[in-house]
Amino acid sequence: MNQLDWEAFCRSEFLLPNEANIPKLEEKFSFLIARLSATSGGRSGRRPVDPTGMYNEENVGFEIPGAISSFEEAMSDTCQYFDGCIRWHDPRALFNITPSPLLDTVALAAITSLYNPNGLWDHTSGKLLLAERRVVSALAGLARWDARLVGGVFTSGGKATLMYGIKAGLNKTEPEGVAKGYRNRHRVLASAAAHYSLESICNFLGLGQEASIRVQTDARGGMDLASLEWTMTQLLAKGDVVSAVIVSGGATMNVVADDFDGARRVIDRVCARAGVPLPQLHADLVISWPWLMFDSESTIPTYLSPATVQGIMELHRRVAAVRVTDSFGVDFHKTGLCPYSSSVFMAQDAASLRSINSAMRAQIEERDFGDASNFDRTLENSRTCQGIITAYHVLRRLGKQGFREYIGRALRAREMFVEELASIDDLELVNTDTLGFEVVIRPDFYRETLEFRDIDATPDSNEVLLYKERCELFWSFLNQNEFNVENDTPVVGYVPRFVNHRYRSGAPAFLLYPVSVHLDRICIRNVLRSFRNAKTHFEQRLILGAEFARPRLRLDPPK
C-alpha cells in the first residue's frame with residue numbers, strides 16, 4: 001500500500017481556511033456534469049437504467065475499499081447511481097408533481113452543503129434561521145394571519161407537516177400527554193380524498209392506523225360537511241377525542257379543495273354542543289399554496305381560457321379561507337421550484353408550535369443572535385438549511401408575478417393536453433373536474449375498452465378485470481428501458497385505482513403531470529403520439545404472447 005500524505009490530501013480535497021481553493025469545487029462540478037452527460041443515453045425523460053435484478057444479493061453487496069481512491073475513479077463509480085433518475089426538466093417527464101428546480105436554488109443548495117449549517121440553532125447556522133422566519137412571515141401574509149403571532153418551521157416534507165398538525169392537536173386536546181403520554185382514544189378526521197399518509201402518521205404517533213377516520217366527499221369532491229358533523233358527533237358520544245381535522249387544499253390526482261370555512265363552523269358547533277376542547281384544524285396546502293397569490297382576475301395571465309380563469313379564482317377563494325385554520329403545510333419542492341426537500345409547517349398561534357415539545361419559549365420571544373433555537377420545538381435535531389435558503393430565494397427572486405406565471409403556464413399546458421385529447425379516440429380524459437394542472441387518462445386497448453364511468457360502475461365484470469390486467473402489464477411495458485430509450489417514450493405516472501367524487505369504485509389510469517417549464521404544444525403532441533405508439537407496440541406484443549413482469553403496486557395509491 002502506498003504511503004498516504006494526509007496533509008496534502010486535506011489541502012486538495014477540503015475547503016481551505018482562506019477558501020482560496022473554491023475553484024477546486026468548480027472543477028469537481030465540471031467533471032461530474034461531463035460524466036453524467038456522457039452517460040445520459042437518448043436524452044429522454046429518464047436516464048437509462050437496467051431494471052432487471054437490481055436489488056439481487058450480488059448487486060447489493062459492497063465492501064469498503066482498503067485504501068483511498070482517486071477522485072476520478074471514485075466519482076466515475078458513484079455516478080452510476082444516477083442511472084434511472086427522472087429528468088424533470090425534460091418535457092417528456094410527466095410522472096408526478098416534481099418540477100425542475102430553479103438553477104439559482106441548485107447553486108444555493110450546493111453552497112449550503114459547503115458551509116454545512118445545522119438549523120437547530122442560530123449559533124450553528126448564522127442568519128439562516130432569520131431567512132426561515134422571513135419565509136414564515138411571508139406565508140403568514142398570504143394566509144392573512146398576523147405575522148407577529150405565528151410560528152413556523154421547515155421540516156422534511158409534506159408528511160411531516162401533517163404530523164406537526166396532528167401533534168399540535170394532540171397537545172391541544174390532552175395537554176398532559178406531552179409528559180405522561182396520551183391516555184385518551186384520539187381520532188383524526190379527513191376526507192376520503194385526503195392524503196394517504198394519514199394512516200401512517202397516526203401509526204408513527206402511536207395512535208394506530210385506525211385513529212384516522214375518513215369522511216365522505218360531497219358531489220363536488222370536497223369533504224362532505226354533513227358527514228363531518230355526524231362523524232364528530234358520534235365519536236364524541238362514544239368518549240373519543242377528536243384531536244385534529246385535516247382539510248385538503250387539493251390532492252395530487254385531483255386538485256379540489258375542501259370548504260375550510262364550513263369545516264370551521266361545524267367543528268365550533270359540535271365542540272360547543274359537546275363541551276369539549278377544539279381540535280386542530282390543519283389545512284394541507286402543499287400543492288395549492290401558490291394560488292393564494294392570485295388576488296383578483298387582473299393578476300391572472302391573459303392567455304388562459306375563461307374556464308381556467310374561473311377555476312383559478314374558485315381555488316383561490318377556497319384556499320384563502322386558510323385564515324380560519326389553526327395550521328397549514330407548504331411544499332416548495334412541489335409548486336415552489338425548489339429542490340427536495342423544502343417544506344414548512346405554519347401555526348397561526350406560536351403557542352401551538354411551542355406545545356409540540358414544551359419549548360422553553362415561543363419564537364416571538366426570541367430577539368437577538370443566539371436566542372433562536374429549534375431543538376425543543378421540532379422533530380429533527382439535525383436540520384438541513386437547504387430548504388430554508390432555497391425557499392427564501394425563490395420567493396425573493398420570482399415574486400408573486402413569477403409564481404403566477406409559473407402556475408399559469410402549467411395550467412395552460414393542461415389546457416393544451418385537453419385540447420389535443422379531444423381529437424384522440426383511444427385516450428379518455430378522466431379527471432375533468434380538477435382545478436389543478438394534472439392530466440389523468442384511460443387508454444383504450446384494441447378499441448374495445450369501456451369508458452371510465454362504465455368501468456367504475458362494473459368493477460367486477462370480466463371486461464373490467466381484463467382492463468385492469470392490461471393496465472398493469474402496460475405500465476410494466478412502459479418501464480422496459482430498451483423500448484423507452486429507442487422510442488422516446490414519455491415517463492408517465494400510473495394510478496392503480498383512480499377515485500374521486502364521480503368514480504367511487506375506482507380503476508387504473510395513467511397520470512401526466514406537466515411540470516417541465518419547457519412544454520409547448522409541439523412537445524405535448526409528441527408526448528401523446530409517443531404514448532399511443534407505445535400502446536400500439538404493447539398491444540402487438542401482447543397478441544404475440546410476450547411476457548411482462550408484473551409491477552408491485554399498492555392497492556390504495558397516492559391521492
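Our subject is the structure that appears above.
Residue positions are given per chain, counting from 1 as you read along its sequence in written order. Totals for whole chains, interfaces and linings use every residue, but because this is a predicted model, local features are given only for residues with pLDDT of at least 70 and side-chain atom pairs only at 80 or more, for both listing and counting. Values shown for side chains rest on all heavy atoms present in the structure; no hydrogens or waters enter the calculation.

J.: Teacher, can you tell me more about the overall build of the protein chain here?
T.: Helix and strand definitions here come from DSSP, where helices need a minimum of 4 consecutive H or I residues and strands a minimum of 2 consecutive E residues; each element is numbered from the N-terminal end. Check the secondary structure of the protein chain and you find 19 helices and twelve strands. Atoms considered for the radius of gyration are the C-alpha atoms alone. The globule rule reads 2.2 Å times the number of residues to the power 0.38. On C-alpha atoms alone, the protein chain measures out to a radius of gyration of 25 Å, which is about the 24 Å that the 2.2 N^0.38 rule sets for 559 residues. Overall, the C-alpha framework of the protein chain stretches about 70 × 65 × 50 Å when taken along its three principal axes. By sequence separation, contacts in the protein chain at least 24 residues apart represent 71% of the contacts at least 6 residues apart. Residue burial considers only the protein chains on display, and all accessible areas are found by Shrake-Rupley using a 1.4 Å probe. Carbon and sulfur atoms form 53% of the exposed surface of the protein chain, whose accessible area is close to 26,400 Å². Averaged over its 62 positive side-chain charges, the protein chain has a centre that lies 5 Å from the centre of its 69 negative ones. Any pair of residues with heavy atoms lying within 4.5 Å of one another is described as a contacting pair. Within this scheme the basic residues Lys and Arg register as positive and the acidic residues Asp and Glu register as negative, but His and the chain ends are omitted. Where a charge sits is defined by one atom per residue type, namely NZ (Lys), CZ (Arg), CG (Asp) or CD (Glu).

J.: Sorry, what's going on with the packing of aromatic side chains here?
T.: Here the distance between the centres and the angle between the planes together describe a pair of aromatic rings. Stacked, tilted and edge-to-face are the three classes applied to pairs of Phe, Tyr and Trp rings, where Trp contributes its six-membered ring and a pair requires centres within 6.5 Å; stacked means planes under 30 degrees apart, edge-to-face means over 60, and tilted covers the rest. All chains considered together, the criterion is met by 23 aromatic pairs. With a centroid separation of 6.3 Å and an interplanar angle of 20°, the aromatic rings of phenylalanine 154 and phenylalanine 332 are classed as stacked. Of this pair, phenylalanine 154 sits in strand E2 (residues 151–155) while phenylalanine 332 sits in helix H13 (residues 332–335), and the two are 178 residues apart along the sequence. As far as the burial class goes, phenylalanine 154 and phenylalanine 332 line up, both buried. Pairing phenylalanine 437 with tyrosine 513 gives two aromatic rings, centres 5.6 Å apart and planes at 80°, and the pair type is edge-to-face. Of this pair, phenylalanine 437 sits in the loop between strand E9 (427–429) and strand E10 (439–443) while tyrosine 513 is found in the loop between strand E12 (507–512) and helix H19 (521–543), placing the two residues 76 residues apart along the sequence. In this pair, the class of phenylalanine 437 matches that of tyrosine 513, namely buried. Taken together, the aromatic side chains of Phe95, Phe445, Tyr467, Phe474, Trp475, Phe477, Tyr494, Phe510, Phe531 and Phe538 make up a single cluster linked through ring pairs. We count a charge as sitting over a ring when the NZ of a lysine or the CZ of an arginine lies within 6 Å of the ring centre and within 35 degrees of the ring normal. When the ring centre of phenylalanine 71 is taken as origin, the NZ or CZ atom of lysine 28, which lies over that ring, is 3.9 Å away. The buried label applies to any residue whose accessible area, calculated with a 1.4 Å probe on protein chains only, is under 20% of its type's maximum; exposed applies above 50%, and partly exposed to all values in between.

J.: Whenever I open this one, unusual backbone geometry confuses me. Can you help?
T.: Leaving glycine out, the prevailing phi sign among residues is negative, and the prevailing peptide bond configuration is trans. Of the consecutive residues tyrosine 340 and serine 341, the connecting peptide bond is found in the cis state with omega at -20°. Inspection of the secondary structure puts serine 341 in the loop between H13 and strand E8 (343–347). In the Ramachandran plot, tyrosine 446 falls in the positive-phi region, its phi being about 60° despite a non-glycine side chain. Topologically, tyrosine 446 is positioned in the loop between E10 and helix H16 (452–457). Phi is positive for arginine 447, close to 55°, though the residue is something other than glycine.

J.: Is there a simple way to explain the pattern of salt bridges in this structure?
T.: Should a side-chain nitrogen of Lys or Arg be within 4 Å of a carboxyl oxygen of Asp or Glu, the pair is scored as a salt bridge. Under the counting rule described, the total for this entry stands at 38 salt bridges. With a closest N to O distance of 2.5 Å, arginine 397 and aspartate 104 form a salt bridge. With arginine 397 in helix H15 (residues 386–421) and aspartate 104 in helix H5 (residues 103–115), the pair connects residues that are 293 residues apart, well separated along the chain. Owing to a relative accessible area of 24%, aspartate 104 belongs among the partly exposed residues under this scheme.

J.: Where do I start with the environment of serine 137 in this structure?
T.: For serine 137, the position within the fold is in helix H6 (residues 128–142). Counting along the chain gives 77 residues from serine 137 to arginine 214, while the straight-line C-alpha distance between them is 32 Å.

J.: What should I look at first to understand the layout of surface pockets in this one?
T.: To find leftover empty space, one rolls a probe the size of a water molecule over the atoms. The distinction between a cavity and a pocket rests on a 1 Å grid over the protein atoms alone: a 1.4 Å probe fits inside a cavity but cannot get out, while a pocket stays open yet meets protein on both sides within 12 Å along at least five of seven lines, and a residue with an atom within 4 Å of a point counts as lining. Grid points are joined across faces, edges and corners, and a volume is the space filled by probe spheres set on the points. Approximately 1,500 Å³ is the volume found for the largest pocket. Surrounding the largest pocket, 37 residues form its lining, His89, Ser100, Pro101, Leu103 and Val106 being those nearest its centre. Those elements that provide at least two residues to the lining of the largest pocket are helix H2 (22–38), H5 and H15. Per-element tally for the lining of the largest pocket: the top contributor is H15, with six residues. Any residue that is not Ala, Val, Leu, Ile, Met, Phe, Trp, Tyr, Cys, Pro, Asp, Glu, Lys or Arg is counted as polar, Gly included; the first ten are nonpolar and the last four charged. Looking at the lining of the largest pocket, its residues break down into 23 nonpolar, nine polar and five charged.

J.: Just to check I follow, could you spell out the packing of helix H17 (residues 462–478) against H19 for this structure?
T.: Helix-helix packing is characterised by the crossing angle of the two axes and by the distance between the axes. At a closest axis distance of 10 Å, the pairing of H17 and H19 adopts a crossing angle of 115°. Comparing the axis directions of H17 and H19 gives the class roughly perpendicular. Classified by chirality, the crossing of H19 by H17 is right-handed. Listed contacts from H19 to Arg470, Leu473, Phe474, Phe477 and Leu478 of H17 are Phe531, Ala534, Lys535, His537, Phe538, Arg541 and Leu542. The residue makeup of the contact of H17 with H19, split by class, is eight nonpolar, one polar and three charged. Orientation is described by axes fitted as lines to C-alpha atoms, over the contacting stretch for helices, and by angles from 0 to 180 degrees between their N-to-C directions. Here roughly perpendicular refers to angles of 65 to 115 degrees, roughly parallel to angles under 35, roughly antiparallel to angles over 145, and oblique to all remaining angles. Left-handed is the label given to a crossing in which the near helix is rotated counterclockwise from the far helix by less than a right angle, and right-handed is the label when the rotation is clockwise.

J.: Teacher, can you tell me more about the sheet that holds strand E11 (residues 491–498) here?
T.: Strand pairing within a sheet occurs via backbone hydrogen bonds; the two strands may be parallel or antiparallel. Across the sheet, five strands lie side by side as E1-E11-E12-E10-E9; this open sheet has mixed pairing. Bordering the open sheet on either side are strand E1 (93–94) and E9, each of which pairs with just one other strand. Sheet contacts for H17: E10, E11 and E12; angle to E12, the most-contacted strand, approximately 35°. At least two bridges found by DSSP between two strands are what make those strands a pair.

J.: So what exactly am I meant to see when it comes to the nonpolar core here?
T.: A general tendency of soluble globular proteins is for nonpolar side chains to be buried together. In this text, buried Ala, Val, Leu, Ile, Met, Phe, Trp, Tyr and Cys residues form a nonpolar core when linked through side-chain atoms within 4.5 Å. With 122 residues, the main nonpolar core has Leu139, Phe328, Phe332 and Phe510 as its most contacted residues. If you tally residues by element for this core, the top one is H15, at 14 residues. Setting aside its immediate chain neighbours within four residues, phenylalanine 328 contacts Leu139, Ala143, Trp145, His282, Ala283, Leu285, Val322, Val344, Phe345 and Met346. Among the nonpolar cores identified, the runner-up in size contains twelve residues, and Ala190, Ala194, Cys202 and Ile246 belong to it.

J.: Would you mind going over the sheet that holds strand E6 (residues 280–284) with me for this structure?
T.: One open sheet holds the seven strands; their spatial order is E2-E8-E7-E6-E5-E3-E4, and the pairing between them is mixed. In this open sheet, the two edge strands, each paired with only one partner strand, are E2 and strand E4 (212–215). Adjacent strand axes in the sheet meet at a mean angle of 20°, parallel and antiparallel pairs treated alike. Sheet topology note: the strand E5 (residues 241–248)/E6 ladder contains five bridges and is parallel.

J.: How should I be thinking about the state of the cysteines in this particular structure?
T.: Two cysteine sulfurs form what is called a disulfide whenever their separation falls within 2.5 Å. Applying the stated criterion to the full structure yields zero disulfides. Between cysteine 79, a free cysteine, and cysteine 85, which holds the nearest cysteine sulfur, the sulfur-to-sulfur gap is 11 Å.

J.: Hey, could you run me through the side chain of arginine 187 in this one?
T.: Topologically, arginine 187 is positioned in strand E3 (residues 186–191). By relative accessible area, which is 13% here, arginine 187 ends up buried. In protein, a polar contact means a hydrogen-donor-capable atom and an acceptor-capable atom, both N or O and within 3.5 Å, with residues adjacent in sequence counting only if both atoms are side-chain atoms; elsewhere, any N or O pair within 3.5 Å suffices. A distance of 3.3 Å separates polar atoms of two side chains, one belonging to arginine 187 and the other to aspartate 240. Among all residues touching arginine 187, those that are not within four sequence positions of it are Glu210, Ala211, Ile213, Leu235, Asp240, Val241, Val242, Ser243 and Ala244.

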